[in-house]
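Read off the chains here:
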Amino acid sequence: MRMSVIGCGYLGAVHAASMAELGHEVVGIDVDPGKIRALQAAQAPFFEPGLTDILESAMASGRLSFSTDIAAAGGSQVHFIAVGTPQKKGESAYDLSYVDAALDALTPHLADGNLVVGKSTVPVGTAARLAEKMERSGSGASLAWNPEFLREGFAVKDTISPDRLVYGVPAGEKGVQARQLLDEVYAVALSNDTPVVVTDYATAELVKVAANAFLATKISFINAMAEIAEVSGGDVTALADAIGYDARIGRRFLNAGIGFGGGCLPKDIRGFAARAEELGRGESVRFLLEVDAVNMRRRERMVQMVIQALGGQVYRKKVAVLGLAFKPDSDDVRDSPALDVAVRLNGLGAHVIATDPEAIPNSIRLHPQLGFATDTHDALHNADAVVLVTEWKEYRELDPIATGQLVREKILLDGRNVLDPAAWRAAGWTYHGMGRP
Ligand code: UGA
C-alpha cells in the first residue's frame, strides 16, 4: 500500500519506518528540514531503541523515503496525520494548530477514495470538525481516527505489534471503506490476532485520553499512598507489591517516586480536563487536577528530601543528579520530573552535576545553566549527595561500594525506588527512598 505520514516526530518517524518495515511504500513528510535530512540518511532524529535498525533496513528496501514537500503525499492511498498536539502556552488545552495546518496543506493533494487517518492525540470532537472541513473541500477523501498507544523506549515494538487497534470511522459506506483500508494497513498485526475496536470518532478520541488519564491516575494514586506512608512510617513499595498481587489492581504503573512526565501524560490529563469543562462536564474529570497536583508535589518533595539530607541547605553543595530523561531508554526531556528536580536544586544554589546516557543534549538546550557530565563517574566525583531520578539500567546496577569511593558524602536519594536499601546501607550509605522509611 502507498501511504504518507505527515509529521516525523516521536510518533510519525516510528510509524513511517514501521509501516515500511511491514511492507508498505511510505513517504514521511515534515516541515523541519533538519529532521528530514537526518531521516533521509537513516538516522533517527531522537533516541529510540531499534529505530535506526528499521530505518536502515526500510531505506535499503527502497520502500521508505522522506520529504519536506507535502506534494510528495500525492499518489498515496492512506495519509496519516502524526503531528504534535502540545499544550497551549499558558493554558491547559491542546494546541491543534499543527493538525489543522497539516490537513490544510494535505487537502490539495488528496484524491477521491483516499483515507486520511488521524493518529495525533486530540480533544474529543476534533475528528468530526476535521471531517466536516474535508467534506467542504470536496476532495472525495474520508477521515478515520486511529489513536496510537506506543510507549517511548518501546515505540518500534508497540507499533509493529500493538496490543490493540482502535478505528474511529464515520457511519455508513464510508466507514466500511475506511475499515477495509485500515485492515489492509494493519494486515500483519491482524494476522497475529490483535484485537480491533471499530467505533465512532468520539469514542476513538476518548479511548486515547482515557487510557492516559487512567495510567496517570494509577501513578498518582501510588504517589498519594507514598505521601501517607511518609507521615505514618509505612513502605509504599511493599504496599504496591501487596495490592499489586490483586489481579484486579495489578502491579504495573504502581511505582512511586518523583512521578510522571513526558510529552503525553501531563499534557493529556490537562487537555482532557479542559475539554470536559468546554463540554459542560468539568466535574466528571476534575479529579485529574488532583492527579496532576499529587504528581507535581513529588518533585518538590524530592527537593525537600535533598535539603533535609544535606542538613538544611543545599547552597554550594555538590549534588550528582543521575538521569535527566522523563524515563529510561529515551532522550525526551519534555516535562521531565528528573530535569525539573535538577533545575530546582540548581535554583537553590546547589552545584548540580547532572548526567544521563542520552538526554544531555536536549537538557543543555533547555537549561544551559546546569552543570553536566557525560560520564557517570565524573558526575559522582566528590558529590555531597547523589540523587537518582531516571532509572536507567546503568544506575540501577551501580555498585554501592565502588560508588562510595567516588563521592565525598555517602548520601543517596532514590527518586525512583529502584535501588536495594539494604545493600546501600550495608556499604555505609544513608539511603532515602520516596514513601519508604
Ligand atoms: C504514555 C503511555 O504509556 C502510552 O501508552 C501512550 O501511547 C503514550 O503515553 C502517548 O500518549 O503517546 P510514555 O509517555 O512513553 O507513554 O511513557 P510511560 O511509560 O507511560 O511513562 C510516563 C511517565 O510515568 C514516566 O515519567 C515514568 O517515569 C512515569 N511512571 C511510570 C511512574 O512514575 N511510575 C510508574 O509506575 C510508571
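Remember, it's a predicted structure, so these values are computed and weren't measured experimentally.

## Structural notes on unusual backbone geometry
Argument step 1. The phi angle at N382 is positive, at roughly 60°, despite the residue not being glycine.
Argument step 2. Relative to the elements of secondary structure, N382 occurs in the loop between helix 15 (376-380) and strand 12 (385-388).
Argument step 3. Take N382: its relative accessible area is 32%, and that puts it in the partly exposed class.
Argument step 4. Although it is not a glycine, N417 adopts a positive phi angle of roughly 50°.
Argument step 5. Structurally, N417 is set in the loop between strand 13 (411-414) and helix 18 (421-426).

## Here we look at the domain arrangement of the protein
Argument step 1. Segmenting the protein into domains produces domain 1 (2-199), domain 2 (209-292) and domain 3 (298-433).
Argument step 2. Listed as interface residues are 12 residues of domain 1 and, on the opposing side, 11 residues of domain 2.
Argument step 3. In total, about 910 Å² of surface goes out of reach between domain 1 and domain 2, with carbon and sulfur atoms giving 57% of it.
Argument step 4. When residues of domain 1 are sorted by the area they lose upon contact with domain 2, Q87, Y94 and V124 head the list and together hold 45% of the total.
Argument step 5. Summed over the shared surface of domain 1 and domain 2, the result is five residue pairs in polar contact (both at pLDDT 80 or more).
Argument step 6. Among the residues making up the side of domain 1 that touches domain 2, the classes are represented as five nonpolar, five polar and two charged.

## Observations regarding the packing of aromatic side chains
Argument step 1. Counted under the stated rule, the structure contains four aromatic pairs.
Argument step 2. Measuring from ring centre to ring centre gives 5.1 Å for W424 and W429, while their planes differ by 70°; the resulting arrangement is edge-to-face.
Argument step 3. The class for W424 is buried, based on a relative accessible area of 3%.
Argument step 4. The class for W429 is buried, based on a relative accessible area of 4%.
Argument step 5. Above the ring of F154, the side-chain terminus of R151 is found at 4.3 Å from the ring centroid.
Argument step 6. Between R164 and the ring centre of F149, over which it is positioned, the NZ or CZ distance is 3.6 Å.

## A short note on the site of the ligand
Argument step 1. By nearness alone, 21 residues border the ligand, and L150, E152, K208, N212 and F326 come closest of all.
Argument step 2. Look at the ligand: alone it shows 720 Å² of surface, and the protein chains cover 90% of it.
Argument step 3. Among the elements of the structure, helix 9 (201-232) and helix 11 (265-278) are those that each provide at least two residues to the shell around the ligand.
Argument step 4. For the shell around the ligand, the element with the highest residue contribution is helix 9, accounting for four residues.
Argument step 5. Classifying every residue of the shell around the ligand by side-chain character gives 10 nonpolar, four polar and seven charged.

## Here we look at helix 3 (residues 51-61)
Argument step 1. Buried within helix 3 we find L51, I54, L55 and A58. Buried residues of helix 3, seen end-on, are gathered within an arc of 105° and therefore sit on one face of the element. Residues D53 and A60 are exposed on helix 3 and point more than 90 degrees away from its buried face.

## Thoughts on the nonpolar core
Argument step 1. By size, the foremost hydrophobic cluster in this structure holds 47 residues, and its most contacted members are M302, V321, L345, V352, V386, V389 and L413.
Argument step 2. If one sorts the elements of this core by residue count, helix 13 (residues 337-347) sits on top with six residues.
Argument step 3. Not counting the four nearest positions on each side in its chain, V389 is found in contact with I258, M302, V321, L322, G323, A338, V341 and R416.

## Regarding the environment of V5
Argument step 1. Counting through the fold element by element, V5 comes out in strand 1 (residues 2-6).
Argument step 2. Counting along the chain gives 354 residues from V5 to A359, while the straight-line C-alpha distance between them is 26 Å.
Argument step 3. If sequence neighbours within four positions are ignored, V5 has contacts with G12, H15, A16, V26, V27, G28, I29, F80 and A82.

## As for the environment of F66
Argument step 1. For F66, the position within the fold is in strand 3 (residues 64-67).
Argument step 2. Assessed through its relative accessible area of 6%, F66 is described here as buried.
Argument step 3. A sequence separation of 25 residues divides F66 from A41, and the C-alpha atoms of the two residues are 9.6 Å apart.

So, how was this worked out
Note on numbering: residues in each chain are counted from 1, in written sequence order. The model is predicted, so local features are restricted to residues of pLDDT at least 70 and side-chain atom pairs to those at 80 or more, both for listing and for counting; the totals for chains, interfaces and linings are taken over all residues. Processing note: side-chain calculations cover all non-hydrogen atoms of the structure and skip hydrogens and water entirely. Under the DSSP-based scheme used, a helix requires at least four consecutive residues in state H or I and a strand at least two consecutive residues in state E, with every element numbered from the N terminus. Throughout this description, buried means an accessible area under 20% of the type-specific maximum (1.4 Å probe, protein chains only), exposed means over 50%, and partly exposed covers the range between. For every domain, the bounds stem from an assignment made automatically or drawn from a database. Contacts: residue pairs with any heavy atoms within 4.5 Å of one another. The term buried area denotes the loss of accessible surface (1.4 Å probe radius) that occurs when two parts are joined, taken as the sum for both partners. Think of a polar contact as two N or O atoms within 3.5 Å of one another; within protein, one of them needs to be a possible hydrogen donor and the other a possible acceptor, and neighboring residues in sequence only count if both atoms come from side chains. Residue polarity is assigned by list, with Asp, Glu, Lys and Arg as charged and Ala, Val, Leu, Ile, Met, Phe, Trp, Tyr, Cys and Pro as nonpolar; anything else, Gly included, falls into the polar class. Aromatic contacts are taken between Phe, Tyr and Trp rings whose centres are within 6.5 Å, Trp giving its six-membered ring; a plane angle under 30 degrees counts as stacked, one over 60 as edge-to-face, and the others as tilted. Comment: the charge-over-ring label is applied if NZ (Lys) or CZ (Arg) is within 6 Å of the ring centre and within 35 degrees of the ring normal. One heavy atom within 4 Å of a molecule or strand makes the whole residue count as near it. For accessible areas, the Shrake-Rupley method is used with a probe of radius 1.4 Å. Any residue's cover is judged against the shown protein chains and nothing else. Starting at the helix axis, one direction is taken to each C-beta atom, and the arc is that of these directions. Here, nonpolar core refers to any group of buried Ala, Val, Leu, Ile, Met, Phe, Trp, Tyr and Cys residues whose side-chain atoms link them within 4.5 Å.

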